[in-house]
Structure formats: structure tokens, C-alpha cells
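The primary structure of each chain is shown beneath.
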Amino acid sequence: MSLHEFLASAQEQGHADADLVSVIRALAIAAQDIDHLIRRDGLDENLGSEIGGINSDGDSQKALDVRSEEIIINHLEGQGAAALLSEEQEDPIPLNDQGSLIVAVDPLDGSSNISVNVTIGTIFSILPSHGDAKAHSLQQGRDQIAAGFFTYGPQTTLILCFAKTDDVVTFTLDPDGKGFLMTGEGLQIPTTTKEFAINSAYTNHWFKPVQKWMTDTLDGQSGPQGKDYRMRWVGSLVSDAWRIFQRGGIFLYPADRRQGNETGRLRLVYEANPIALLAEKAGGKASNGYGAILDMTPEDLHQRVPLFFGAASEVDRIENEHNQERDD
Ligand code: AHM
Ligand code: MG
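Quick caveat, the model's predicted, so the values are computed rather than measured.

Thresholds, definitions, all that
What you see as residue numbers is a count from 1 along each chain, following the sequence as written. Labels follow written order: the first chain is A, the first ligand is 1, and so on. Only residues with pLDDT of 70 or above have their local features reported here, since the model is predicted, and side-chain atom pairs are shown and tallied only from 80 upward, although totals for entire chains, interfaces and linings are computed over all residues. Values shown for side chains rest on all heavy atoms present in the structure; no hydrogens or waters enter the calculation. Proximity is defined per residue: any heavy atom of the residue falling within 4 Å of a molecule or strand makes that residue near it. Whenever a nitrogen or oxygen atom comes within 3.5 Å of another N or O atom, the pair is scored as a polar contact, on the condition that within protein one atom can donate a hydrogen and the other can accept it, and that pairs from neighbouring residues in sequence are kept only if both atoms are in side chains. We get accessible surface area from the Shrake-Rupley algorithm with a probe of 1.4 Å; when it comes to residues, only the shown protein chains can shield them. Elements are defined by DSSP. Helices are runs of H or I of four residues or more, strands are runs of E of two residues or more, and each kind is numbered from the N terminus. Lys, Arg, Asp and Glu make up the charged group, whereas Ala, Val, Leu, Ile, Met, Phe, Trp, Tyr, Cys and Pro make up the nonpolar group; the residues left over, Gly among them, are polar. Just so you know, the domain bounds were taken from an automatic or database domain assignment. The angle between two axes is taken between their N-to-C directions and runs from 0 to 180 degrees, where each axis is a line fitted to C-alpha atoms and a helix contributes only its stretch in contact. Crossing handedness is read from the near helix: turned anticlockwise from the far helix by less than a right angle, it gives a left-handed crossing, and turned clockwise, a right-handed one. Contact definition: two residues touch when any of their heavy atoms are within 4.5 Å. The rule is simple: take the accessible area with a 1.4 Å probe, protein chains only, and divide by the maximum for that residue type; under 20% is buried, over 50% is exposed, in between is partly exposed. Two strands form a pair only when DSSP identifies at least two bridges running between them. The span you would expect from a helix comes to 1.5 Å times its residue count less one. Coordination partners: N, O, S within 2.8 Å of the metal, 3.2 Å for Na, K and Ca; water not considered, so apparent gaps in a site are possible. Salt bridges are defined by distance alone: a side-chain nitrogen of Lys or Arg within 4 Å of a carboxyl oxygen of Asp or Glu.

### Brief notes about the site of ligand 1
So, point 1. Contacts to ligand 1 come from 18 residues, most closely from Gly110, Asn199, Tyr202, Leu237 and Tyr253.
So, point 2. Between an oxygen atom of ligand 1 and a side-chain N or O atom of Trp233, the distance comes to 3.3 Å.
So, point 3. At 2.6 Å from an oxygen atom of ligand 1 is found a side-chain nitrogen or oxygen belonging to Tyr253.
So, point 4. Out of a free accessible area of 470 Å², ligand 1 has 90% covered by protein chains.
So, point 5. Counting only elements with at least two residues in the shell around ligand 1, the list comes to β5 (101–109), β13 (250–253) and β14 (266–267).
So, point 6. When its residues are assigned to classes, the shell around ligand 1 shows six nonpolar, five polar and seven charged.
So, point 7. Formed jointly, the shell around ligand 1 draws a minimum of three residues from each of two domains, domain 1 (3–184) and domain 2 (195–327).

### Considering the packing of helix α2 (residues 18–39) against helix α3 (residues 63–76)
So, point 1. Axis separation between α2 and α3 bottoms out at 9 Å; the angle between their running directions is 145°. With respect to the hand of their crossing, α2 and α3 are arranged in right-handed fashion. Residues Val23, Ala26, Leu27, Ile29, Ala30, Asp33, Ile34, Leu37 and Ile38 of α2 form the contact with α3, whose own contacting residues are Leu64, Arg67, Ser68, Ile71, Ile72, His75 and Leu76.
So, point 2. For the contact of α2 with α3, the residue count by class is 12 nonpolar, two polar and two charged.

### What about the pairing of strand β3 (residues 81–86)?
So, point 1. The buried fraction of β3 is high, at six of six residues.
So, point 2. Bridge count for β3 against strand β4 (residues 93–94) is two bridges, and the pairing is antiparallel. Note that in β4 the partner of Leu84 across the bridge is Ile93.
So, point 3. The loop that links β3 with its antiparallel partner β4 comprises six residues.

### Considering the environment of Val116
So, point 1. Secondary-structure assignment places Val116 in the loop between β5 and β6 (120–128).
So, point 2. C-alpha of Val116 to C-alpha of Gly48: the two residues are 68 residues apart in sequence and 8.7 Å apart in space.

### Considerations on α2
So, point 1. Between the first and last C-alpha of α2 there are 32 Å, a value that for 22 residues agrees with the 32 Å anticipated at 1.5 Å per step.
So, point 2. Measuring from the side-chain oxygen of the N-cap residue of α2 to the backbone nitrogen of Asp19 gives 3.2 Å; that N-cap residue is Asp17.

### Concerning the coordination of the magnesium ion (ligand 2)
So, point 1. Every protein donor of the magnesium ion (ligand 2) is accounted for by Asp106 (OD), Asp109 (OD) and Glu271 (OE), and the metal-donor separations fall at 1.8 to 2.2 Å.
So, point 2. Counting the intervening residues between successive donors of the magnesium ion (ligand 2) yields the motif D-x2-D-x161-E. Placement of Asp109 in strand β5 and of Glu271 in helix α7 (residues 268–281) is noted, with a sequence separation of 162 residues between them. Exposure class is identical for Asp109 and Glu271. Each is buried.

### Concerning the environment of Pro92
So, point 1. Of note, Pro92 is situated in the loop between β3 and β4.
So, point 2. Residues Pro92 and Phe150, 58 residues apart in the sequence, show an inter-C-alpha distance of 22 Å.

### Some points on the pattern of salt bridges
Proximity of charged atoms lets side chains of opposite charge pair with each other.
So, point 1. Across all of its chains, the model carries 19 salt bridges by this definition.
So, point 2. Ionic pairing is found between Arg230 and Glu195, a salt bridge with its closest N-O pair at 2.7 Å. Taken together, the positions of Arg230 in strand β12 (residues 230–231) and Glu195 in strand β11 (residues 195–197) put the pair 35 residues apart, joining distant regions of the chain.
So, point 3. Relative accessible area serves as the criterion here: at 3%, Glu195 is assigned to the buried category.
So, point 4. Residue Lys285 pairs with Asp316 through a salt bridge whose shortest N-O separation is 2.6 Å. Of the two residues, Lys285 is situated in strand β15 (residues 285–287) and Asp316 in helix α8 (residues 312–327); the sequence distance between them amounts to 31 residues.
So, point 5. Using a relative accessible area of 27% as the deciding quantity, one classes Asp316 as partly exposed.
So, point 6. One salt-bridge network, in which partners are shared between bridges, spans Glu195, Arg230, Asp240, Arg243 and Arg247.

### Regarding the sheet that holds β6
So, point 1. The strand order β4-β3-β5-β6-β7-β8-β9-β10 describes an open sheet built from eight strands, whose pairing is mixed. The sheet terminates laterally at β4 and β10 (179–184), the two strands that pair on one side only.
So, point 2. Bridge count for β5 against β6 is seven bridges, and the pairing is antiparallel. When the sheet's bridge partners are listed, Leu101 is paired in β6 with Pro128.
So, point 3. Strand contacts of α3: β3, β4, β5 and β6, with the helix running at about 155° to β5, the strand carrying the most contacts.
So, point 4. Lying on the sheet, α7 is in contact with β3, β5, β6, β7 (146–152), β8 (156–162) and β9 (168–174); it crosses β7 at an angle near 105°.

In short, geometric facts, not functional conclusions.
Here it is, written out as C-alpha cells:
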């Protein structure tokens, strides 16, 4: 089944309206353009070069960050979204006055992996449009109407869910020009796992609950978990997340003592929230250590948050460590 057919059927069943269908179609076309650009990286330009700009988060922008955002804006114009919230812009970008939706995006996730031939992607969260620009930015993750992300890697893929159904579906871009075709449905993250994803180079900077979780984990078979674990870390949230949705695991990007990371590294509105909706729909969990990501009310469009998601039993374990620390 093509993405086109899937969206038409979702509309027929009342899971998506015309605005939502138009926005997801536009994002899929944008993703194909971004994919094409990435496949030409180094042939006619260097997309990993820093272009001198600093985004709203203080990160230096690479050519592909900016180009991806431009492509997304171009395709969303005139579709069902009233405004775009983007990692690359301080404020919302107005799109279509008549649109009933707000799209929040990380146009290019995994910027440090541009030009090294490692999977990167585009993350999106779709929210209702009501109120002014500020109100758009500050909606809870539970208000999301749909969420998903694209990966640009050995294969170009899309994972998607709607608030109105419990189905998490995946699509793969057909290299022979047939667009995105469905490759999976009813995705479920197993409750337990032996695989975790964390950047352990920051061990010394972590706070106690994460250090304790890690010590117990690394104690393996002879420790409290009674099993040996494997570690994977791509350094692109989309790629680590794709793996977890395919074969399970837990992802951890905690807050730590480094300056600027005291409340986490990843962004709530356009990184953690869409991943959290997908995770919950797939039977997993997503937490900030103390509670569900989706229950947080953002205070700022670019707010950072600790993110733990994946296998429910492991997310529970990390929450227990945080709660225990609070009780001590
Ligand atoms: P980005 O949106 O600027 O690419 O930053 C987010 C990325 C995530 O994809 C990834 O999980 C994380 O940053 C990697 O961070 P680190 O380099 O600290 O391991
Ligand atoms: Mg990102």
C-alpha cells in the first residue's frame, strides 16, 4: 500500500482530515527532496559545512539544516498548516491562515552525522492550531494529532502514528520511483530488552539516578538485572529510535552537569514529543525521569528535556531511580 492510499483510507475512516492528509503528503514530498539532496552530498556541494549561522538553540547551523528547513517550508505552503515551529527559528513561521494545524519540526536531526554517511532524519509533530503563536508552541504532547519521523540512511523510511488510532506504521521509499510504500504496521516495542542506547562518554557528568541505572545494567548477569546488555549509539536520535521501534531497546539522553545540559539536550516540542507519542502508541513508554513526556506543558518552544524512551520495564526502572533519589 502506498502512503497516498494509506492516507486516503485514514481520511475515509475518520482518523485524519483533509488538512492532516495534505500536511503529511507535503512532508513526504519534502523528505524525498531532502533525501535526493543528501545523496548528492559532496558531489556538487558540501552539505556538512558550517554556514556561520547559529540557530535558536545556540547550535551552529550546517548547510543541510538550512536547506532542509527551506524545502519543508516550500512544500508546506498552501497546505493545511497555519504555522511551522522549527528548531532553526526562534519564532513560529506563518504558513496558511486557513490551515487548522501547526507543524513542529526538527528539519534535520543528527546534524553531527551529516557528510559522514550515517543515518540522519526529519522529525515532525502535528498539533491543532488555536490561539496565538505563543499558544501554538506551548501545547502538551498529548495534544498532538499525529507524529512521525523520516530517516535518510541505507533506506529512506517514515514512521507515523495518529492520535486517533493505536497503530504505528512504517513506510520505505521505493528507489524505483513509486514513493513511500508501507512496510510495517502494528509496531510494538517489547516490554523488556537487553539493548540500551546512551552516550556513555558523559558518565562523569550524569546525575546519580542515571549512574545507578547504568551500574546495575553493566553488572550484567551477576547484577540485579540478571542479564547481560548490549550497547548501541548512532548519535542521530532518528536512527537510534528507528532501531528501537524495529527491535526494541531503551534510549537515554539524560540531563547532566555540563553547562546547557542541566535540563537535558533534546528538545521537547519537536524531538521528545513526537518520539514519545510513537513510543506510547507502540506499547512503550517515554519519560523525563519523573513522568510521561506527553504530560509536560512546554514553557518555551525550544525547551530541552531529559528523554528516556522504549521498553516499558526499563523506563520504569529509570523512573524508580529518579523517585528514589527524590525520597533520599
Ligand atoms: P541535532 O538536532 O542538532 O542533530 O541534535 C540532536 C542530536 C540527536 O540526534 C542525538 O541523539 C544527539 O543529538 C546526540 O548528541 P551527542 O552528540 O551529545 O551524543
Ligand atoms: Mg535533533
